[in-house]
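# Chains, contacts and geometry: an overview
Next come the chains, spelled out residue by residue.
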Amino acid sequence: MAKALFAVLYLVILGNVAFIHAAFPPSLIVDMVNIVLNNYCSPEKLAGLKEAIAAASGNTEILNIPDGESLSRVLSAGLQTTIGDPRLKITYEPDFVPVVAPQMPALPPEQLVAMLQNAIKLDILEGNIGYMRIDHILGEAAADKIGQMLVDLVWNKVLPTSALIFDLRHTVSGDITGLSYIVSYFTAAESAIHIDSVYDRPSNTTTKLLSMAKLLGERYDTTKPLIILTSKNTKGIAEDVAYCLKNMKRATVVGEKTAGGSVKIDQFKVGDTDFYVTLPTAKSINPITGSTWEQTGVTPDVQVHAEDALATAIKIVQLRVQVPGIIEGSAALIADNYAFEETGADVAAKLKGLLENGDYSGIVSKSGLEEKLSADLKTLSGDKNLKITSNTPVLPPINFTPEMYIDLIKVSFHTDIFENNIGYLRFDMFGDFEEVKTIAQIIVEHVWNKVVNTKAMIIDLRNNLGGPTTAIAGFCSYFFDADQQIVLDKLTDRQSGTTTELHTLPELTGTRYGSKKSVIILTSGATAGAAEEFVFIMKRLGRAMIVGEPTFGGCHPPKTFQVGASDVFLSIPTVHSDATLAPAWERSGIAPHIPVSAAAALETAKGILNKHLGAQK
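Report on the accompanying structure. (Residues numbered from 1 in each chain as written. Predicted model: local features only at pLDDT ≥ 70, side-chain atom pairs only at ≥ 80, totals over all residues. Heavy atoms only, no water.)

Let us now look at the packing of aromatic side chains. Counted according to the given criterion, the structure contains 20 aromatic pairs. Measuring from ring centre to ring centre gives 6.2 Å for F430 and F534, while their planes differ by 50 degrees; the resulting arrangement is tilted. In this pair, F430 is assigned in the loop between β16 (422–427) and α13 (433–438) and F534 in helix α16 (residues 530–540), connecting sequence segments 104 residues apart. Pair check on accessibility: F430 and F534 agree, each one buried. (Phe/Tyr/Trp six-rings, centres within 6.5 Å; stacked < 30°, edge-to-face > 60°. Helix = DSSP H or I, 4+ residues; strand = E, 2+ residues; numbered from the N terminus. Buried < 20%, exposed > 50% of the residue type's maximum accessible area, 1.4 Å probe, protein only.)

Quick look at the pattern of salt bridges now. A complete count under the given rule lists 14 salt bridges for this structure. Two residues, D266 and K264, come together in a salt bridge whose shortest N-O distance is 3.7 Å. On the basis of relative accessibility, which here comes to 22%, the residue D266 falls in the partly exposed class. Bridged by salt links that share partners, the residues D85, R87 and E294 form one connected network. (Salt bridge = Lys/Arg side-chain N within 4 Å of Asp/Glu carboxyl O.)

Another aspect to go through is the side chain of E586. Position of E586 relative to the elements: it lies in the loop between β24 (575–576) and β25 (594–595). Of the side chains bearing the opposite charge, R587 lies closest to the buried E586, which forms no salt bridge; the N-O distance is 6.7 Å. Separated by 2.7 Å, the side chain of E586 and the backbone nitrogen of S577 make a polar contact. Residues in contact with E586, not counting those within four places in the same chain, are F340, G554, C555, H556, V575, H576 and S577. (Lys, Arg positive; Asp, Glu negative; His and termini not counted. Polar contact = N/O pair within 3.5 Å; in protein donor to acceptor, adjacent residues only side chain to side chain. Contact = heavy atoms within 4.5 Å.)

Strand order in the open sheet formed by six strands is β15-β16-β17-β20-β21-β25, with mixed pairing between adjacent strands. Edge positions in the sheet fall to β15 (413–418) and β25, since each of these pairs with one other strand and no more. Inspection of the sheet shows strand β17 (residues 456–460) paired to strand β20 (residues 518–523) by five bridges, in the parallel sense. Within the sheet, the bridge partner assigned to I459 lies in β20 and is I521. With respect to the sheet, helix α14 (residues 440–451) is in contact with β15, β16 and β17, its orientation differing from that of β15 by roughly 25 degrees. On the sheet, α16 packs against β17, β20 and β21 (545–548) and is oriented at approximately 140 degrees with respect to β20. (Pairing = 2+ DSSP bridges. Axes fitted to C-alpha atoms, helices over the stretch in contact; angles between N-to-C directions.)

Pairing is antiparallel in the open sheet, where three strands are placed in the order β19-β18-β24. The open sheet has two edge strands with one neighbour each: β19 (498–503) and β24. Of the pairings in the sheet, the one linking strand β18 (residues 487–493) to β24 comprises two bridges and is antiparallel in character. Residue T492 lies in a different strand from β24, and its bridge partner there is H576.

Spelled out as structure tokens, the structure:
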């Protein structure tokens, strides 16, 4: 009997139990399961249960479990395990007292005022931040009775605030009909919004909950920050409020993950016994997520201990007060200073559009603001160099001795001579012209003279991350003859509105490599900035073959701008190369003549030069 009967229920009972309590005949097991079948909010989990009941309902054997409480625990555990829902419970309650839903008492006005003032905590914090705590979500019936009083005593004091912190950390009860009221006060009135869908199993109906077109009092401005505080005790309709406003992107939830309660829990008596079945009879299905907060709870946007939630919320609000100024200030800086004027104006306009559309309304931390702003700037401009940066102070100059310079040069440059007298030169950073000028003779003696007399040269910039561009003209000049001055590039400075020509230099320290010998430059995806400017010039003028990977797509050294009085700083490229005769390298990088992986670039270059030099013999 035991195996057959609990196969009906899909229950698991440990051991070989032989008999049920005589006060609970098998026919009542059928009643119990029918209660579940007819009222449980997710009938799809109960497929096949009716057939199993019919097959076993005629069995009249009795199992001998010693008492009702023990039996109820066994049955509860079985139901919960089988259906996978801990809200399903069977209890034995010989002294059962029905729970009566609290009704709004008929109180005189002065007592109603006192009751509301005790039930709803309201405060105006520093910075005109509103704070409102509600421990029970009122339903439609209560709102009809005391709505105007709520508006006069509470809501009208909230409306003038600059932001609102809505505390639901202690809210454990409520009426689902109050959901539309609360959400509507925090959303726009233009059109009805589908807030939630509630499926009721006993009636087999689904009710769409919509925002309300008309309300008592005014709505809270949708541009003002709304922070909802939650705790592990936040339960039921309060969870629905938090879940809806969070997924509508109208509120930021701060605190702990909520309890994971239910829209509606009902209790049913099993026949004439003292056994009761408690189960969820309705379920919430959010139209935005297609999911629910029931059982799983609402996960906060910012998870902190409940006792720290208010302080965290205040910090978030204080940050959000600054956000419009930071975004508008960033837009102005980009419009006025970005190297590519038309793009800068377009980026600035679109950035302000994102602000107006509420894209920055969910910011919860300075790092989050900086991360989003950088990502938006990259998306809008296509330029990874236009971004947030840190305000790193310039290090003071170091007084090097000649010996120290020599040691530095030895570790900064690498040279070699390959087969067929092919020179190899690698360095991973360009230096500033004024700094290089003072040590030019040392570089020539310890680096350049090792490769200048070769038949061809490989310049390895695969790991060169850039640096100042002021020495580019001088370095390029070594690969051209002295008998004519060549325009290497034209640099347009957005801030000054001027264009400066870069020319080869008539006088250099050491010997030129000249314009006749072959030069191959190795590149990778890491080759950036000043290194790209050198590659751009040498490729555009046909002076070198480029072998390797497309370059990074950096920029001339950007400038750092403080955004207003904030501690946010922007890195903005302000100078760009002449793109009239060749594609710009800024943003998009430089395509090599011979595309190969960075790892294969050196051997590929050696093979090309060996073949070329071998053919000359």
